[in-house]
Amino acid sequence: MEIAQNIKKYQSKLPEEVTLVAVSKTKPIEDIMEAYKAGQRIFGENKIQEMADKQEKLPEDIEWHMIGHVQRNKVKYMAPFVSLIHAVDSLKLLKEINKQGKKNNRMISCLLQIKIAEEDTKFGITIEEAKSILDSQEHIEMQHVKVVGLMGMATLTEDENQIEKEFSFLKKHFDIFQQHNPSFKVLSMGMSGDYEIAIRCGSNMVRIGSSIFGERNYN
Ligand SMILES: *Cc1c(COP(=O)(O)O)cnc(C)c1O
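Read on for an overview of the structure. Every chain is numbered independently, its residues counted from 1 as its sequence is written. Local features are withheld for residues below a pLDDT of 70 in this predicted model, meaning they are given only at 70 or higher, and side-chain atom pairs are given and counted only at 80 or more; totals for whole chains, interfaces and linings count all residues. Only heavy atoms go into the side-chain values, all of them from the structure, while hydrogens and water stay out.

### Remarks on the overall build of the protein chain
Under the scheme used here, helices are H or I runs from DSSP no shorter than 4 residues and strands are E runs no shorter than 2 residues, and both carry numbers assigned from the N terminus. When you go through the protein chain residue by residue, the secondary structure sums to ten helices and eight strands. What you see for the protein chain is a C-alpha radius of gyration of 17 Å, in line with the 17 Å of a compact globule of 219 residues. Taking the principal axes of the C-alpha coordinates as reference, the protein chain spans close to 50 × 45 × 35 Å. Partly exposed describes any residue whose relative accessible area lies between the buried limit of under 20% and the exposed limit of over 50%, with all areas from a 1.4 Å probe on protein chains only and scaled to the type maximum. Here the protein chain, with 219 residues, has 51% of them falling under the buried criterion. When the accessible surface of the protein chain is split by element, carbon and sulfur atoms take 48% of a total near 11,200 Å². For the purpose of charge, His is not counted, nor are the chain termini; Lys and Arg are scored as positive and Asp and Glu as negative. Throughout, a charge is located at the NZ atom of Lys, the CZ atom of Arg, the CG atom of Asp or the CD atom of Glu. The positive charge centre, built from 30 side chains, and the negative charge centre, built from 32, are 5 Å apart in the protein chain. Within these notes, the globule rule equals 2.2 Å times the number of residues to the 0.38 power, and the radius of gyration is based on C-alpha atoms. Here the Shrake-Rupley method, with its probe set to 1.4 Å, supplies the accessible areas, and only the displayed protein chains count as covering residues.

Rendered as C-alpha cells:
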C-alpha cells in the first residue's frame, strides 16, 4: 500500500519532463508489482542477474534500466531486453554492448557515467574521456548502441552547495555535448536524498529507491 502511495506522490510531484526510474534493487517481485499497479513502468536494478530474473517474471511492458556498474561478460544476459544502461564507463564496454545489440538485432541506448563526486569510491569517467569515446571512429561506426546522454552521482554529503556544484558541472557539459550530438536527450542525476537539487540543476531523469520501497536489506 505504502509503495503505491509513494509512486503516486512522485508522479504528482515531479515536473512533467522528469522521468522517474523506480530503483527496485534487492526488492521482491511483489513490491515491484505494487509499484506497477500504481502506474510505474520504469524500474532500475544494479545487478544484471537479478534484473534478468525479475524481467522473466514481470509484465512485458516494464522498461528495465541497468543503473549499476556493468561487467562486460554479463552484458549478454540483459542485451535482449534492457532499455537503458546508465553507467557505461569505457569504449571496451560500449563495444561489447554493440556486439550484443547486434546479436539481438537491437539498438541499445546507453548513458556515459561521469565521475562528479569527490569520493574516489564512485565509478565513472572524466568529461575528456567521454568526449574521446564519443569522437572515436569505433564509436561512430557502432550500429547497435546509441549514447543518449550522461549519468552522474553527487558526493554523499549534507553540504547542498557541494552537491549543487557537482550537478551543475554535469549539466553544463551535458548542454555542450548536446550541441554536437543530436541524440543526447537524457541527463540522469538525482536519488532519494538529492533529487530535488538535481532537478533544480537540470536533471531530466531521477533514480529513486529507498524513498519509494523503503530501506534496503543486504543479506
Ligand atoms: C541504489 C541506487 C540509486 C537509488 O538510491 P536511493 O538513495 O535508494 O534512492 C540510484 N542510483 C544508483 C546508481 C543506485 O545504485
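Once you've had a look at it, read on.
### Description of the packing of aromatic side chains
How two aromatic rings sit relative to each other is set out by the distance from centre to centre and by the angle between their planes. Each pair of aromatic rings taken from Phe, Tyr and Trp, with Trp reduced to its six-membered ring, is defined by centres within 6.5 Å and is described as stacked if the planes are under 30 degrees apart, edge-to-face if over 60, and tilted in the remaining cases. If you walk through the whole model with that rule in mind, you get four aromatic pairs. Taken together, a centroid distance of 5.9 Å and an interplanar angle of 35 degrees make the contact between Phe174 and Phe184 tilted. With Phe174 in helix H8 (residues 160-180) and Phe184 in the loop between H8 and strand S7 (186-189), this residue pair connects regions lying ten residues apart in the sequence. With relative accessibility at 4%, the residue Phe174 sits in the buried group. Summarising the aromatic geometry, the rings of Phe177 and Phe184 are spaced 5.6 Å apart at their centres and angled 35 degrees between planes, so their arrangement reads as tilted. Judged by relative accessible area, which is 1%, Phe184 ranks as buried. Residue placement shows Lys13 over the ring face of Tyr10; its charged tip is 5.5 Å from the ring centre. Here, a charge over a ring is recorded when the distance from Lys NZ or Arg CZ to the ring centre is within 6 Å and its angle to the ring normal is within 35 degrees.

### Examining the site of the ligand
The nearness test applies per residue and asks whether one of its heavy atoms lies within 4 Å of the molecule or strand. All residues in the neighbourhood of the ligand are listed as Val23, Lys25, Ile67, Met153, Met191, Ser192, Arg207, Ile208, Gly209, Ser210 and Arg216. Distance and chemistry together define a polar contact, namely a pair of N or O atoms within 3.5 Å, with one atom able to donate a hydrogen and the other to accept it when in protein, and with adjacent residues in sequence counting only for side-chain atoms on both sides. Note that an oxygen atom of the ligand is positioned 2.7 Å from one of the side-chain N or O atoms of Lys25. Between the ligand and the protein, one listed contact pairs a nitrogen atom with a side-chain N or O atom of Arg207 at 2.8 Å. In isolation the ligand offers 390 Å² of accessible surface; the protein chains occlude 89% of this area. Classifying every residue of the shell around the ligand by side-chain character gives five nonpolar, three polar and three charged. Put simply, Ala, Val, Leu, Ile, Met, Phe, Trp, Tyr, Cys and Pro go in the nonpolar bin, Asp, Glu, Lys and Arg in the charged bin, and everything else, Gly too, in the polar bin.

### Things to note about the environment of Leu112
Tracing the backbone shows Leu112 in strand S5 (residues 108-115). In this structure, the C-alpha to C-alpha distance between Leu112 and Lys131, residues 19 residues apart in sequence, is 10.0 Å. Whether two residues are in contact is decided by their heavy atoms: any pair within 4.5 Å suffices. Not counting chain neighbours up to four residues away, the residues in contact with Leu112 comprise His86, Val88, Ala130, Leu134, Val147, Gly149, Leu150 and Met151.

### Observations concerning unusual backbone geometry
Residues other than glycine seldom take positive phi values, yet Thr26 does so here, at roughly 70 degrees. Within the secondary structure, Thr26 sits in the loop between strand S1 (19-23) and helix H2 (29-37). Within the chain, Asn105 stands out as a residue other than glycine whose phi angle is a positive 55 degrees. Looking at the secondary structure, you find Asn105 in the loop between helix H5 (91-103) and S5.

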